[in-house]
Amino acid sequence: MTKEEIIEIGDIYIDALKNGNFEKVPFAPDVVFDSAVYGKITGIEEVLNILKPISESITKIEKGHSAVEGKDLFLSFEWETSSGEKLQITDFFSLDNGKILYLKPYFFVNPTKDL
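Keep in mind that this is a model prediction, so the values were computed, not measured. (Residues numbered from 1 in each chain as written. Predicted model: local features only at pLDDT ≥ 70, side-chain atom pairs only at ≥ 80, totals over all residues. Heavy atoms only, no water.)

## Structural notes on the pattern of salt bridges
Thought 1: Applying the stated rule across the entire model yields four salt bridges.
Thought 2: Across the salt bridge formed by Lys-60 and Glu-62, the nearest N and O atoms sit 3.2 Å from each other.
Thought 3: We classify Lys-60 as partly exposed; its relative accessible area is 43%.
Thought 4: Residue Glu-62 is classed as partly exposed on the basis of its relative accessible area of 38%. (Salt bridge = Lys/Arg side-chain N within 4 Å of Asp/Glu carboxyl O. Buried < 20%, exposed > 50% of the residue type's maximum accessible area, 1.4 Å probe, protein only.)

## Description of helix 2 (residues 44-57)
Thought 1: For helix 2, spanning 14 residues, the distance from its first C-alpha to its last is 20 Å, which sits close to the expected 20 Å at 1.5 Å a residue.
Thought 2: Val-47, Leu-48, Ile-50, Leu-51, Ile-54 and Ser-55 are the residues of helix 2 that are buried.
Thought 3: At its buried positions, helix 2 is contacted by helix 1 (3-19), strand 1 (27-35), strand 2 (39-42), strand 3 (58-69) and strand 4 (72-81). (Helix = DSSP H or I, 4+ residues; strand = E, 2+ residues; numbered from the N terminus. Expected span 1.5 Å × (residues − 1). Contact = heavy atoms within 4.5 Å.)

## A word on the packing of aromatic side chains
For any two aromatic rings, the description comes down to two numbers: the centre-to-centre distance and the angle of the planes.
Thought 1: Per the stated rule, a full pass over the model turns up five aromatic pairs.
Thought 2: When the ring of Phe-77 is compared with that of Trp-79, the centres are 6.0 Å apart and the planes differ by 45 degrees; the resulting orientation is tilted. Take Phe-77 and Trp-79: they sit in the same class, and that class is buried.
Thought 3: Here the aromatic rings of Phe-92 and Tyr-102 are separated by 6.0 Å at their centres, their planes lie at 65 degrees, and the arrangement is edge-to-face. Taken together, the residues Phe-92 in strand 5 (residues 86-96) and Tyr-102 in strand 6 (residues 99-109) connect sequence positions ten residues apart. (Phe/Tyr/Trp six-rings, centres within 6.5 Å; stacked < 30°, edge-to-face > 60°.)

## Quick look at the environment of Ile-100
Thought 1: Locating Ile-100 in the fold gives a position in strand 6.
Thought 2: What makes Ile-100 buried here is its relative accessible area of 0%.
Thought 3: In sequence terms Ile-100 and Leu-75 are 25 residues apart; their C-alpha atoms lie 13 Å from each other.
Thought 4: Discounting chain neighbours no more than four positions away, the residues touching Ile-100 are Ile-9, Val-25, Pro-26, Phe-27, Ala-28, Val-31, Phe-93, Ser-94 and Leu-95.

## Let's talk about the pairing of strand 4
Thought 1: Taking burial as the measure, the ten residues of strand 4 include seven buried ones, the bulk of the element.
Thought 2: When strand 3 meets strand 4, the two strands line up antiparallel, connected through nine bridges. By the bridge assignment, Ala-67 is partnered in strand 4 with Phe-74.
Thought 3: Linkage of strand 3 to strand 4, two consecutive antiparallel strands, is achieved through a turn of two residues, within which Gly-70 is found at a positive phi near 65 degrees.
Thought 4: The sheet contact formed by strand 4 and strand 5 spans nine bridges and is antiparallel. Counterpart to Leu-73 in the pairing with strand 5 is Phe-93.
Thought 5: Remark: four residues form the turn of the hairpin made by strand 4 and strand 5, two consecutive strands paired antiparallel; Gly-84 in that turn has positive phi of roughly 90 degrees. (Pairing = 2+ DSSP bridges.)

Laid out in structure tokens, this is it:
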């Protein structure tokens with residue numbers, strides 16, 4: 001995959017978080033979501049059981065920077081929740097053949113207004 005194709009996968013993921021529709025996100029069947037909050041979750045259905053409710057709480061999302069190293073993507077963005085909380089997020093993705101194999105979110109409460 002090219003760097004641009006990998007970044008496009010990140011854009012598709014951000015769009016899914018915005019609109020709650022994850023059908024276009026290319027998850028591998030045995031995708032792993034590795035989170036400090038939820039632990040390691042494996043499988044598309046289980047991962048979507050986490051991501052869909054998160055998506056529902058997001059009122060605004062702004063993409064920051066993307067960085068690609070080999071088959072890995074680092075994607076930064078900021079979201080605001082319905083309660084007004086702002087979080088800075090950096091997600092790490094490991095990809096293979098256009099599929100997300102591994103996803104690890106890192107998030108920080110953002111006391112400022114800018115990303």
